[in-house]
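Fold and contact review
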Amino acid sequence: MQTACNRLKLGGSVTLEIREVPVMKIVDDPDFMALVQSNWEECANKAMETAKPDRAQYQRLQDCGFIKAAAAYWDGKLVGGVSVMITPYAHFSRMGACVESLHLLPEYRKQGGGLKLLKAARKLAKDAGATGLYVTAPAGSRLERLARLKGWRHTNTVFFLEL
């Protein structure tokens, strides 16, 4: 399933690789929890209390075809990833997609690795038949600023109601 492989040279002979992978390849990677923790510290909704990935849920989503993923590797080490939820929009008789999670360790961002992950997310959504891809960003984040700079269409504002 490693159908896309983009290489981004960051210096020396080592490159950042972006590969489409089954989401379970990311979840089962020994470096996954370090990535989750970094994401949590930087941009998680603290009302969720803590990051506790549910491996069984990821497996079910993958088995049903509702989640697609791409991973960023530096010299074979997992340093980032993006997961995309693929969902039917019954009201519109179309498929849609939403970035469920996007993170690249800070030290790998300066050379465009995050943009490569977003490009992979767009391809995953398109290949799954989605009409478009929703990308949410924490308010005031680098991703929000990037989206505005790139001219992405601002369609919705997301609010969180704690229950």
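Being a predicted model, the structure only gives us computed values, none of them experimental.

In terms of nonpolar packing, the biggest core is built from 35 residues, with Val79 and Val84 touching the most fellow members. Put simply, the parts of the chain that give this core at least two residues each are β2 (15–21), α1 (23–27), α2 (32–43), α3 (55–64), β3 (67–74), β4 (77–89), β5 (94–104) and α4 (113–127). The element contributing the most residues to this core is β3, with seven residues. Excluding residues that lie within four positions of it along the chain, Val79 makes contacts with Leu16, Leu35, Ala72, Tyr73, Trp74, His103, Leu104, Leu105 and Tyr108.

Next up on the list: the side chain of Ser141. With respect to the helices and strands, the residue Ser141 is situated in the loop between β6 (130–134) and α5 (142–150). Here Glu144 takes part through its backbone nitrogen, which lies 3.1 Å from a polar atom of the side chain of Ser141.

For the rest of this paragraph, the subject is the confidence of the model for the protein. Looking at the protein, the pLDDT average stands at 88 and 91% of residues meet or exceed 70. Below pLDDT 50 for its whole length, residues 1–5 participates in 15 contacts with residues either more than four positions away or in separate chains.

Right, let's get into the packing of aromatic side chains. Applying the stated criterion to the full structure yields one aromatic pair. A centroid spacing of 5.7 Å and a plane angle of 50° characterise the contact between Trp74 and Tyr108, whose relative ring orientation is tilted. Of this pair, Trp74 sits in strand β3 while Tyr108 is found in the loop between β5 and α4, placing the two residues 34 residues apart along the sequence. Grouping residues by exposure puts Trp74 and Tyr108 together as buried.

The terminal C-alpha atoms of α4 lie 21 Å apart, and with 15 residues this matches the ideal 21 Å at 1.5 Å per residue to within 8%. Taken together, the buried positions of α4 are occupied by Gly113, Leu117, Leu118, Ala120, Ala121, Leu124 and Ala125. Relative to the axis of α4, the buried residues are bounded by an arc of 155° and lie together on one face. Of the exposed residues in α4, those oriented more than 90 degrees away from the buried face are Lys119, Arg122, Lys126 and Asp127. Once α4 ends, the next one or two residues include Gly129, with phi positive near 90°.

Here Ser83 shows up in strand β4. Side chain to side chain, Ser83 and Glu100 meet in a polar contact 2.4 Å long. If we ignore the near neighbours within four places in the chain, the residues touching Ser83 are Ile67, Lys68, Ala69, Cys98, Val99, Glu100 and Ser101.

Quick look at the pairing of β3 now. Within β3, seven of the eight residues are buried, leaving the element largely enclosed by the surrounding structure. Alignment of β2 against β3, held across six bridges, turns out to be antiparallel. From the neighbouring strand, Glu20 faces β3, where its bridge partner is Ala70. Alignment of β3 against β4, held across eight bridges, turns out to be antiparallel. Within β4, the residue paired with Ala71 across the bridge is Gly81. The hairpin formed by β3 and β4 contains two residues between the paired strands, and Asp75 there has a positive phi angle of roughly 55°.

Examined bridge by bridge, β4 and β5 share 10 bridges and lie antiparallel to one another. Paired with Thr87 across the bridge in β5 is Gly96. Here β4 folds back onto β5, and the loop between the two strands holds four residues, one of which, Ser93, carries a positive phi near 55°.

Rules used throughout
- Residues numbered from 1 in each chain as written.
- Predicted model: local features only at pLDDT ≥ 70, side-chain atom pairs only at ≥ 80, totals over all residues.
- Heavy atoms only, no water.
- Core = buried A, V, L, I, M, F, W, Y, C linked by side-chain atoms within 4.5 Å.
- Buried < 20%, exposed > 50% of the residue type's maximum accessible area, 1.4 Å probe, protein only.
- Helix = DSSP H or I, 4+ residues; strand = E, 2+ residues; numbered from the N terminus.
- Contact = heavy atoms within 4.5 Å.
- Polar contact = N/O pair within 3.5 Å; in protein donor to acceptor, adjacent residues only side chain to side chain.
- pLDDT = per-residue confidence, 0-100.
- Phe/Tyr/Trp six-rings, centres within 6.5 Å; stacked < 30°, edge-to-face > 60°.
- Expected span 1.5 Å × (residues − 1).
- Arc of directions from axis to C-beta.
- Pairing = 2+ DSSP bridges.

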